[in-house]
Amino acid sequence: MTEKLSTNVSRTNQTKLVLPPDTNHLGTIFGGTVLAYIDEIAAITAMKHSNQVVVTASIDTVNFLSSARVGDILHLEGVVISTGRTSMEVFVKVECQNIQSGEKTITTTAILTMVAVDQAGKPTPVCGVIPETEEEKRLFLSAPTRRNRRLQISAEKMK
């Protein structure tokens, strides 16, 4: 498709409260819980961009930078940062806010590849993307490197 959409079309924000069942024996949020939140917001973000149902093709990178504790608030933001013919790279940033101090820290960043599919489950074309922020522009420019890395990994698995 030749049409391009601003990253603002797909930008999605969610807020979650860290509750006791979400935490491990150290009192910090389970990494798997954070991954589930990340996958969910990435899917919503990609669906907003493509107006299609999407599936997760890969989670390229997940960086756990700090942790969140019971009572903390998680702010998640997802945005489509690049597209292929049927795929979309989604950048997700998770920020933790301590409710008492108000202090905010980035806990996790991730890049996922989502594929738009039609009703028969077949990949379907998506619009391109126009990055808006400096961070989005940087991620957009580095997308070919990430794509090549994914293709190399996929080729190695086929051997």
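Keep in mind that this is a model prediction, so the values were computed, not measured. (Residues numbered from 1 in each chain as written. Predicted model: local features only at pLDDT ≥ 70, side-chain atom pairs only at ≥ 80, totals over all residues. Heavy atoms only, no water.)

Quick notes on the nonpolar core
One recurring pattern in soluble globular proteins: nonpolar side chains tend to sit buried together. We apply this condition: Nine residue types can take part in a nonpolar core, namely buried Ala, Val, Leu, Ile, Met, Phe, Trp, Tyr and Cys, and a core is a set of them joined through side-chain atoms within 4.5 Å. Buried residues are those whose accessible area, probed at 1.4 Å on protein chains only, stays under 20% of the maximum for their type, while exposed residues exceed 50% and partly exposed ones sit between those limits. Helix and strand assignments follow DSSP, with helices taken as H or I runs no shorter than four residues and strands as E runs no shorter than two, numbered in order from the N terminus. Contacts are assigned to residue pairs that have any heavy atoms within 4.5 Å of one another.
In this structure, L74, V92 and M114 are the most contacted members of the largest nonpolar core, which totals 25 residues. Of all the elements in the fold, those that place two or more residues in this core are α2 (31-50), β4 (73-83), β5 (87-97) and β6 (104-117). The residues contacting L74, other than those within four sequence positions of it, are Q14, T15, K16, V18, I29, Y37, A68, V94, E95 and C96. I81, F91, I111 and L139 belong to the second-largest nonpolar core, a separate cluster that totals five residues.

Focus: the side chain of S82
Residue position: S82 is located in strand β4. Look at S82 and you get buried, because its relative accessible area is 7%. Excluding its chain neighbours within four sequence positions, the residues that come into contact with S82 are S87, M88, E89, V129, F140 and A143.

Observations concerning unusual backbone geometry
Positioned with a positive phi, N51 is a non-glycine residue whose angle comes to about 55 degrees. Inspection of the secondary structure puts N51 in the loop between α2 and β3 (53-64).

What to know about the sheet that holds β5
The condition that has to hold: At least two DSSP bridges between two strands are required for those strands to pair. Here an axis means a line fitted to C-alpha atoms, over the contact stretch when the element is a helix, while the angle between two N-to-C directions is reported on a 0 to 180 degree scale.
Across the sheet, which stays open at both edges, the five strands sit in the order β2-β4-β5-β6-β3 with antiparallel pairing between neighbours. Each having just a single partner strand, β2 (12-17) and β3 make up the two edges of the open sheet. When the angles between neighbouring strand axes are averaged without regard to direction, this sheet yields 25 degrees. In this structure, β3 lies alongside β6, joined through ten bridges in antiparallel fashion.

Points about the pattern of salt bridges
Any two side chains of opposite charge can pair, so long as their charged atoms come close to each other. What counts is decided by this rule: Note on definitions: salt bridges are taken to be side-chain nitrogens of Lys or Arg within 4 Å of carboxyl oxygens of Asp or Glu.
Applying the stated criterion to the full structure yields nine salt bridges. R11 serves as the salt-bridge partner of E136, at 2.8 Å between the closest nitrogen and oxygen. Of this pair, E136 sits in helix α3 (residues 134-141) while R11 is found in the loop between α1 (7-10) and β2, placing the two residues 125 residues apart along the sequence. One salt bridge connects E134 with K137, and the closest N-O pair in it is separated by 3.8 Å. Residue E134 and its partner K137 are both found in helix α3; the two are separated by three residues, about one turn of the helix. Owing to a relative accessible area of 34%, K137 belongs among the partly exposed residues under this scheme.

As for the environment of N24
Keep this limit in mind: Throughout this description, a polar contact denotes any pair of N or O atoms lying within 3.5 Å of each other; where both atoms belong to protein, one of them has to be capable of donating a hydrogen while the other can accept it, and for residues adjacent in sequence the pair is counted only when both atoms sit in side chains.
Relative to the assigned elements, N24 resides in the loop between β2 and α2. Note on N24: relative accessible area 22%, which makes it partly exposed. Aside from chain neighbours lying at most four places away, what touches N24 is I29 and F30. A distance of 2.8 Å separates a polar atom in the side chain of N24 from the backbone nitrogen of L26.

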